[in-house]
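Observations on the model geometry
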Amino acid sequence: MYYRQMGKIPHKRHTMFKKEDGSLFREQVMGTRGFSGTQSILYHHYMPTEVVKSELACHYLPQYEDQQSLKHRHFITSKSVKKGNGLQAREYILGNQDLLIGTASITEPMKSYYRNGDGDEMLFVHYGTGRLETMFGTITYRPGDYLLIPIGTIYRIIPNEKDTTKILFVESFSQITTPRRYRNEYGQLLEHSPFCERDLRGPEILETFDEKGEFEVITKSRGALHSHILGHHPFDVVGWDGYLYPWAFNVEDFEPITGRIHQPPPVHQTFEGNNFVVCSFVPRLFDYHPEAIPAPYYHSNVNSDELLYYVKGNFMSRKGVQLESITLHPSGIPHGPHPGKTEASIGKKETLELAVMIDTFHPLKVVKNAMVMEDPAYMYSWTEKME
Ligand SMILES: [Fe+2]
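Residues numbered from 1 in each chain as written. Predicted model: local features only at pLDDT ≥ 70, side-chain atom pairs only at ≥ 80, totals over all residues. Heavy atoms only, no water.

**Looking at the nonpolar core**
Where we set the bar: Here, nonpolar core refers to any group of buried Ala, Val, Leu, Ile, Met, Phe, Trp, Tyr and Cys residues whose side-chain atoms link them within 4.5 Å. With a 1.4 Å probe rolled over the protein chains alone, any residue whose accessible area is under 20% of its type maximum counts as buried; one over 50% counts as exposed, and the rest are partly exposed. A run of DSSP states H or I qualifies as a helix once it reaches four residues; a run of E qualifies as a strand once it reaches two. Both are numbered from the N-terminal end. Every residue pair with non-hydrogen atoms within 4.5 Å of one another is taken to be in contact.
Residues Leu94, Met122, Tyr146, Phe271 and Ile358 are the most contacted members of the largest nonpolar core, which totals 75 residues. Among the elements that line this core, the one with the most residues is strand E7 (residues 99–106), at 5 residues. Once residues within four sequence positions are removed from consideration, Phe271 is found in contact with Met122, Tyr146, Leu148, Ile176, Thr177, Pro179, Trp247, Phe249, Val277 and Val278.

**What about the sheet that holds strand E19 (residues 247–250)?**
Heads up, the rule is: Here, strands pair whenever DSSP counts at least two bridges between them.
With antiparallel pairing, the 8 strands of this open sheet are ordered in space as E15-E19-E12-E9-E14-E7-E6-E29. One side of each edge strand has no neighbouring strand; the edge strands of this open sheet are strand E15 (200–201) and strand E29 (365–366). With 8 bridges joining them, E7 and strand E14 (residues 165–172) adopt antiparallel strand pairing. Pairing of Ala104 across the sheet is with Ile167, part of E14.

**Quick word on the domain arrangement of the protein**
Put simply, the rule is: Where a domain begins and ends is set by an automatic assignment or by a domain database. One side-chain nitrogen of Lys or Arg within 4 Å of one carboxyl oxygen of Asp or Glu is enough to make a salt bridge. We call Asp, Glu, Lys and Arg charged. Ala, Val, Leu, Ile, Met, Phe, Trp, Tyr, Cys and Pro are nonpolar, and the rest, Gly among them, are polar.
As far as domains go, the protein holds domain 1 (4–65 + 80–250) and domain 2 (255–380). Here domain 1 and domain 2 have C-alpha centroids that lie 29 Å from each other. Listed per partner, the contact involves 41 residues of domain 1 and 37 residues of domain 2. Counting across the interface, domain 1 meets domain 2 through 1 salt bridge. Close ionic contact of Lys166 with Glu324 constitutes a salt bridge, the shortest N to O distance being 2.7 Å. Contributing elements (two or more residues each) for the side of domain 1 that touches domain 2: strand E6 (90–95), E7, strand E9 (121–127), strand E12 (145–149), E14 and E19. It is E6 that provides the largest number of residues to the side of domain 1 that touches domain 2, a total of 5 residues. Split into classes, the residues belonging to the side of domain 1 that touches domain 2 amount to 21 nonpolar, 13 polar and 7 charged.

In structure tokens form, the structure reads like this:
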């Protein structure tokens, strides 16, 4: 990310910054990798350490199914009955030591506040509009937004009234960034990147709550949720600056890279974390070699698992999947277009598909509770006669 500033900050860091009554604002340096990574400096009305009560709330790490035979999997996430606020509604589906992946139908605003102390979060908004309120300020969201929330950011999700927000979420145990190969040595996105800084939205307004009282912040850390009751409003920041803050990128701003023949999946890459990448398959013109086959070739993910979340349109190489479906094509066995899809793609000029792909470099495990959403026939859907 790059430098941003909001609200009031003193001219020089680590110097006196006084309120009108002469008392000091409280400075907080919030950074990654032990003062060597990206960081921001925030100025609070109250000490961010002012906690009146700390309790272990519950354990949250999902339970995984026992080892099964190696299969392609299909989860119909619209079958999930979980509802609630942006934390309760999370339905974990897959995970490993690097990240947890799931979906959530958010029907209520969060009353408490929340932060992930284990890593960054990425929320992809499929349906719905609302506000992502954070200690750095508020971002309004809409369908197609990727919301990137750095580790330790206190936030809550406020869907607009009567407007369910459906998200695909990633809880990473590392930092999620733009792909390194698209950045120059100064950190700026290069000309061949499918998006640039202009497409990235930071917080739009910084509302400051100078308010004493008891406010609950739920912190996710070490496999558990912890309840911390602060003695002041958690959004008491008057100003901040730096490189670490929540931001949004709408998938409509992803400029597809196309070619004369089939372009490999890395052209769709949007973000990366430790041992995983996130890609966006967006509406685009197809390959223009006169004999090109736009559908992908069969391929083996030799050492990565591939997850696809289907957002809009008909995915050109698949049949039998629905919007909000998740498919998992594990490493070790090949996958590719469904019967008839290769031929059907020939001569097509464009695709209107929209899907999010997550490739992980360690195998993903299936969460036990997710098995009720599973379409068990998917593994054999390449052998059926399909129109
Ligand atoms: Fe693939």
